[in-house]
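Commentary on secondary and tertiary structure
The primary structure of each chain is shown beneath.
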Amino acid sequence: MKAAMTAVIEASGLRKSYGATRAVDSVSFEIQPGRIVGLIGPNGAGKTTLFKAILGLTDFEGDLRVLGRDPRSERNELMRDVCFIADVAVLPRWLRVSQALDFVAGVHPRFERSRATEFLRKTDIRMSARVRELSKGMVTQLHLALILANDARLLVLDEPTLGLDLLFRRQFYDTLLNDYFDKERTIVLTTHQVEEIENLLTDVIFVNRGRIVLDTPVDALPGRYVQLTVSAERAVQARQLKPFYEREVFGRVAMFFEGGDPQGLAAFAASGGELRTPTVADLFVAKMEGSLA
Amino acid sequence: MSTPETNLSSAGAPMVDSPSVSGVARAAPLLGTLIMLVRRELWEHRALWLGPLAISALLVACAFAVHIGPVELSEHAGSDVQRRALFGLVQWGLTVPQYIVMLIILNFYLLDCLYAERKDRSILFWKSLPVSDATTVASKLLVAVVVVPLGVYLLAMVTNLLFSAIWLARASYGLLAPNASVWDTVVFLKVEALMLVGLFVSMLWYAPLAAYFLMISAWARRAVFLWAVLPPVIAILVEHLAFRTQYVAGLIEYRTTGIWQRTNMEQAANSAIAAGKHQIVSLAAFFDALNIREFLLNIDVWLGLAVALGFAFVAVRLRRYRDDT
């Protein structure tokens, strides 16, 4: 009971079907406070359904607790402590910046207006501007300002930087890390630009076809996964160590091992092979393609 | 929700720690939330107040432009009684364009308000805030059934006063026929009261219609207007073809214009005509003869409200799991 209370999100046997398609198929996972969790999967893997379930935006079967609450029946209470950005395009276009602040201040018990205005002062956003007059990047900044001032315990981001240029994307995540995140708060996010955020994640959950393929802290990856790059000639030999996925890179072969035989791998490393922990992005591709084979 | 502990921590001196650490946040007060939601509707749907304001501006402009000579008046409004009746009638007539425009705008508003937020995908933003679907739907119904009608009523009253003031001023400068500019405070108050009662009666009577539009607005994925109009039209046609009866059409007619039979309006109108010496209807007499009690005791009024609640409930349920998809 005590342990169950500490998890920010706790899902077990989560299921959701759209007609015959199983968007989420018996998914179970736990997310602890103070983590930044990347929910990563190809299009149609069920990420969005998972998000909607967590945010109480869709019905589902199974058991799900977010901050100890059931998002289906306690959605309003939940939204006091949870913030989310579903997409960049989601702020109403007719809304003025000042109205956005007025509104959130009026309905959100945690909103600290001064924090939002302080953040907005650092941007080019005018208080009198309407959302439709702002660039995509500025809309995201505005949304971020609203969220930072909300002081939520859980922040859920679904492709928050979609369509933004590199500078805005970098700035977005920097702000999240510096101005929002601490050991009490939790961030769950999806993005297609895995490479850009993998240094920021503490945990990854890979989803494919409605199921969880991998659920691990990022710092546990080095002991668990190994990427060996060898020349094409030596690949036949290395294959005997049973990689779960391999691909060719500039004439050499990158092989991915789970667990694996440390001595055997070290022998290849000593003889011209390159041994390292795969990046989250590479591991993702390996896991997805590997599971297809 | 408000345990003694949370009350203590929120009532105490400002804390150094951020409130997030101390646990669950309390709800914003419902009234404050509702007021904010109503303001939000007026931000988004500016026609709700721009339309009536524009009509008022037009009417005030008319007060300057309209010219009435002594000859035209003397024929119909020779006596003092008739001039007072005419005064009341003008006062009422000036509000007619106001209410017609309001009705059109409100119909479009009701059909649009739960549809637009899905169309522009902003529903996910609204839903990221701790505001329940019930409060949201209630705020929209409140805007359409109470806030805007009362606002238009007050605006129409101010417009009336302005109009009268301009006419009186013009008459005192000899720019209008002197008998064209009557002022009668009792008539004025009675006509205003009559219209307020009419407004109140309409709010109750038309609430189910408003809630129906709102429900369609929450339900339709496109072509909201068509979805709102088609079901009753098809029902009427099917009934006519299958049974050669007209119950549905009768019901719709009753729920749109039947209101005035429920308030002994016919009787009241007759006595008003009599008081106007069979020439000009005296709205003040109309008000005197009005029986609001009979209307409020009519079961159909309350059945209608129950149906309105049902429609609103469905709208809330629909919005619960509806998003941009």
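Please refer to the structure placed before this passage.
Here, residues in each chain are numbered from 1, in the same order as that chain's written sequence. The order in which chains are written sets their letters, starting at A; the order in which ligands are written sets their numbers, starting at 1. In keeping with the model being predicted, local features are shown solely for residues with a pLDDT of at least 70 and side-chain atom pairs are shown and tallied solely at 80 or more, while totals for entire chains, interfaces and linings include all residues. To get the side-chain values, take all heavy atoms of the structure and skip hydrogens and water.

**Details of the packing of helix 7 (residues 133–172) of chain B against helix 8 (residues 185–219) of chain B**
Residues and elements named next belong to chain B.
- Taken N-terminus to C-terminus, the directions of helix 7 and helix 8 make an angle of 155°; their axes are 10 Å apart at the nearest point. Here helix 7 is positioned roughly antiparallel relative to helix 8, judged by the angle of their axes. For the element pair helix 7 and helix 8, the recorded crossing hand is right-handed. Of helix 8, the residues touching helix 7 (which contributes Val-137, Lys-140, Leu-141, Val-145, Val-146, Pro-149, Leu-150, Tyr-153, Met-157, Asn-160 and Leu-161) are Phe-188, Glu-192, Ala-193, Met-195, Leu-196, Leu-199, Met-203, Ala-210, Ala-211 and Leu-214.
- Throughout this entry, Asp, Glu, Lys and Arg are counted as charged residues, while Ala, Val, Leu, Ile, Met, Phe, Trp, Tyr, Cys and Pro are counted as nonpolar. The remaining residues, Gly among them, count as polar. For the contact of helix 7 with helix 8, the per-class residue count stands at 18 nonpolar, one polar and two charged. To get an axis, fit a line to the C-alpha atoms, keeping to the stretch in contact for a helix; angles then go from 0 to 180 degrees between the N-to-C directions. Helix and strand definitions follow DSSP, with helices as H or I runs of at least four residues and strands as E runs of at least two, each counted in order from the N terminus. Every angle not falling under 35 degrees, over 145, or within 65 to 115 is termed oblique; those three ranges are roughly parallel, roughly antiparallel and roughly perpendicular. Definitions for this section: a left-handed crossing has its near helix turned counterclockwise from the far helix by less than a right angle. A right-handed crossing has that turn clockwise. By the convention used here, residues are in contact when the closest approach between their heavy atoms is within 4.5 Å.

**Here's the deal with the sheet that holds strand 1 (residues 9–18) of chain A**
All names here are of chain A.
- Read from one edge to the other, the open sheet built from three strands follows the order 2-1-4, with strand pairing classed as antiparallel. Edge positions in the sheet fall to strand 2 (21–31) and strand 4 (61–66), since each has one partner strand and no second. For this sheet, the mean angle separating the axes of adjacent strands, direction not counted, is 20°.
- Strand pairing is assigned whenever DSSP detects at least two bridges linking the two strands. Bridge count between strand 1 and strand 4: five bridges; the pairing is antiparallel. From the neighbouring strand, Ala-11 faces strand 4, where its bridge partner is Leu-64.
- Taken strand by strand, helix 2 (residues 47–54) contacts strand 1, strand 2 and strand 4, and its axis lies near 60° from that of strand 2.

**Some remarks on helix 4 (residues 97–107) of chain A**
- The cut-offs for exposure are 20% and 50% of the maximum accessible area for each residue type, with area from a 1.4 Å probe on protein chains only; residues under the lower value are buried, those over the upper are exposed, and the others partly exposed. Looking at helix 4 of chain A, one finds that the buried residues are Val-97, Gln-99, Ala-100, Leu-101, Phe-103, Val-104 and Val-107 of chain A.
- Buried residues in helix 4 of chain A make contact with helix 5 (113–121) and helix 6 (136–148) of chain A together with helix 2 (30–44) and helix 6 (123–127) of chain B.

**Topic: the interface of chain B and chain A**
- Tallying the contact residues gives 36 residues for chain B and 40 residues for chain A.
- Roughly 3500 Å² is buried in total at the junction of chain B and chain A, and carbon and sulfur atoms are behind 63% of that figure.
- By the criterion of area lost to chain A, the three top residues of chain B are Trp-43, Phe-125 and Pro-130 of chain B, representing 19% of everything that side buries.
- Between Lys or Arg on one side and Asp or Glu on the other, a salt bridge is scored when a side-chain nitrogen of the former is within 4 Å of a carboxyl oxygen of the latter. Where chain B touches chain A, the interface holds one salt bridge.
- Two residues, Arg-39 of chain B and Asp-102 of chain A, come together in a salt bridge whose shortest N-O distance is 3.8 Å.
- Think of a polar contact as two N or O atoms within 3.5 Å of one another; within protein, one of them needs to be a possible hydrogen donor and the other a possible acceptor, and neighboring residues in sequence only count if both atoms come from side chains. For the pair chain B and chain A, the number of links is five residue pairs in polar contact (both at pLDDT 80 or more). For any pair of parts, buried area is found by adding up, for both, the accessible area (1.4 Å probe) each one loses once the two are put together.

**Quick look at the environment of Ala-308 of chain B**
All names here are of chain B.
- Along the chain, Ala-308 falls in helix 14 (residues 299–321).
- Accessibility expressed as a relative area gives 7% for Ala-308, which makes it buried.
- Once the C-alpha coordinates of Ala-308 and Ala-211 are considered, the two residues, 97 residues apart in sequence, prove to be 5.3 Å apart.
- Residues contacting Ala-308, with those up to four places away along its chain left out, are Ala-207, Pro-208 and Ala-211.

**A few points about the sheet that holds strand 7 (residues 186–190) of chain A**
Residue and element names in this part refer to chain A.
- Spatially, six strands are ordered 5-6-7-3-8-9 in an open sheet, and the strand pairing comes out mixed. Every other strand in the sheet has two partners, leaving strand 5 (82–85) and strand 9 (211–217) as the edge strands with one partner each. Between one strand axis and the next, the sheet turns through 15° on average, direction left out of account.
- One ladder, built from four bridges, connects strand 5 with strand 6 (residues 154–158); its direction is parallel. For Val-82, the partnering residue across the bridge sits in strand 6 and is Leu-154.
- Contacts from helix 2 reach strand 3 (36–40), strand 6, strand 7 and strand 8 (203–208), with the element oriented near 150° to strand 6.
- With respect to the sheet, helix 6 is in contact with strand 5 and strand 6, its orientation differing from that of strand 5 by roughly 175°.

**Topic: unusual backbone geometry**
- Notably, Phe-250 of chain A is not glycine yet its phi reads approximately 50°, a positive angle.
- Residue placement: Phe-250 of chain A occurs in the loop between strand 11 (245–249) and strand 12 (252–258).
- With a relative accessible area of 84%, Phe-250 of chain A lands in the exposed category.
- One non-glycine residue, Ala-223 of chain B, lies in positive phi territory at about 50°.
- Position of Ala-223 of chain B among the secondary structure elements: in the loop between helix 8 and helix 9 (224–243).

**Observations regarding the pairing of strand 10 (residues 225–231) of chain A**
Residues and elements named next belong to chain A.
- Counting buried residues along strand 10, six of its seven residues qualify, which places the element largely inside the surrounding structure.
- Direction of pairing for strand 10 relative to strand 12: antiparallel, over a ladder of seven bridges. Bridge pairing in strand 12 places Val-230 opposite Val-253.
- Strand direction decides the pairing type here: strand 10 and strand 13 (residues 274–276), joined by three bridges, are antiparallel. If you follow Thr-229 over to strand 13, its bridge partner there is Glu-274.

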